[in-house]
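# Close look at the chain arrangement
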Amino acid sequence: QGQLVESGGGSVQAGGSLRLTCRFSDDIRGGMAWFRRAPGKNREYVVSMDANGDRIDYATFVKGRFTASRDNAERTLYLEMNNLKPEDTAVYLCAASDGIGVHTGAYAFAYWGQGTQVTVSS
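In short, a report on the structure. These figures come from a predicted structure and were not determined experimentally. Within every chain, residues take consecutive numbers counted from 1 along the sequence as written. For a predicted model such as this one, the threshold for reporting local features is a pLDDT of at least 70, and the threshold for listing and counting side-chain atom pairs is 80 or more; totals across whole chains, interfaces and linings nevertheless cover every residue. Remark: hydrogens and water are excluded; side-chain values derive from all non-hydrogen atoms of the structure.

### Observations concerning the overall build of the protein chain
Quick reminder of the rule: For helices the rule is a DSSP run of H or I covering at least 4 residues; for strands it is a run of E covering at least 2, with both sets numbered from the N terminus onward. For this measure, only C-alpha atoms enter the radius of gyration; the expected value for a globule follows 2.2 Å times N^0.38, where N is the number of residues. For the exposure calls, accessible area comes from a 1.4 Å probe over protein chains only, and a residue counts as buried if that area is under 20% of its type's maximum, exposed if over 50%, partly exposed in between. Throughout, a residue-residue contact means that at least one pair of heavy atoms, one from each residue, lies within 4.5 Å.
Per the secondary structure count, the protein chain includes zero helices and eleven strands. Listing the helices and strands of the protein chain from first to last along the sequence gives β-β-β-β-β-β-β-β-β-β-β. Against the compact-globule benchmark of 14 Å for 122 residues, the protein chain has a radius of gyration of 13 Å, which places it among compact chains. Projected onto its principal axes, the C-alpha positions of the protein chain cover 40 × 25 × 25 Å. Out of the 122 residues in the protein chain, the part that is buried amounts to 48%. Of all intrachain contacts in the protein chain linking residues separated by at least 6 positions in sequence, the fraction that spans at least 24 positions is 58%.

### A look at the packing of aromatic side chains
We apply this condition: The aromatic pairing rule takes the rings of Phe, Tyr and Trp, using the six-membered ring of Trp, and pairs them if the centres are within 6.5 Å, calling planes under 30 degrees apart stacked, those over 60 edge-to-face and the rest tilted. By the criterion adopted, a ring carries a charge over it if an Arg CZ or a Lys NZ lies within 6 Å of its centre and within 35 degrees of its normal.
Taken as a whole, this structure holds four aromatic pairs when the rule is applied. Look at Phe35 and Tyr45: their rings are 5.7 Å apart centre to centre, the planes differ by 70°, and that puts the pair in the edge-to-face class. Linking Phe35 in strand E4 (residues 32-37) with Tyr45 in strand E5 (residues 43-49), this pair joins segments that are ten residues apart in sequence. In this structure, Phe35 and Tyr45 share a single accessibility class: buried. Both rings, one in Phe35 and one in Trp112, keep their centres 5.1 Å apart while their planes meet at 55°; by these two values the pair is tilted. With Phe35 in strand E4 and Trp112 in strand E10 (residues 111-112), this pair connects stretches of sequence that are 77 residues apart. Residue Phe35 is classed as buried on the basis of its relative accessible area, which comes to 2%. What makes Trp112 partly exposed here is its relative accessible area of 24%. Taken together through their ring pairs, the aromatic side chains of Phe35, Tyr45, Phe109 and Trp112 make up a single cluster. Sitting above the plane of the Trp112 ring, Arg43 keeps its charged end 4.3 Å from the centroid.

### What to know about the sheet that holds strand E8 (residues 76-81)
The condition that has to hold: Paired strands, as defined in this entry, are two strands with at least two bridges between them according to DSSP. The axes used here are C-alpha line fits, helices contributing only the stretch in contact, and every angle between their N-to-C directions lies in the interval 0 to 180 degrees.
The strand order across the open sheet formed by four strands is E1-E3-E8-E7, and the pairing between neighbours is antiparallel. Single-partner strands in this sheet number two, and they are strand E1 (4-7) and strand E7 (66-71). Put simply, the sheet's adjacent strands are angled 15° from each other on average, direction ignored. Bridge analysis of E7 against E8 gives six bridges, and the strand direction is antiparallel. Note on E8: the bridge partner recorded for Asp71 is Thr76.

### Notes on the pairing of strand E9 (residues 90-96)
For E9, a buried count of six out of seven residues is recorded, marking the element as mostly surrounded by other parts of the structure. Alignment of E4 against E9, held across six bridges, turns out to be antiparallel. Each residue of the ladder has a partner; that of Met32, found in E9, is Ala96. Here E9 runs beside strand E11 (residues 116-121); their pairing, made up of three bridges, is antiparallel. Pairing of Tyr92 across the sheet is with Thr116, part of E11. Judged from the two bridges that link them, E9 and E10 form a sheet pairing that is antiparallel. Bridging from a neighbouring strand, Ala95 pairs with Trp112 of E10.

See below:
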């Protein structure tokens, strides 16, 4: 129930790109998001979208560089990351909510994946 599995992380140089994928289970119907957790820092909001993927909200620091999307038929959430910077280094976590709208607080998400590591070198 409420299973999320991320993949696609890796190591790239600054300016490079990665595409993260989150596969989610059949019972997930609500809004979804990506968060990240850098070493020694608190979990940080990255992007959130509603149940249909029509409304998307990005954190200011990723606007113009990251693009999120979801394919409910394939039960997959995506995060396309371009022009990566060393400060983007973190474990990226996929999250799902029981609510259908856009949520930006971690408290709104009941289901979490284990995360995928992204490392950006300078």
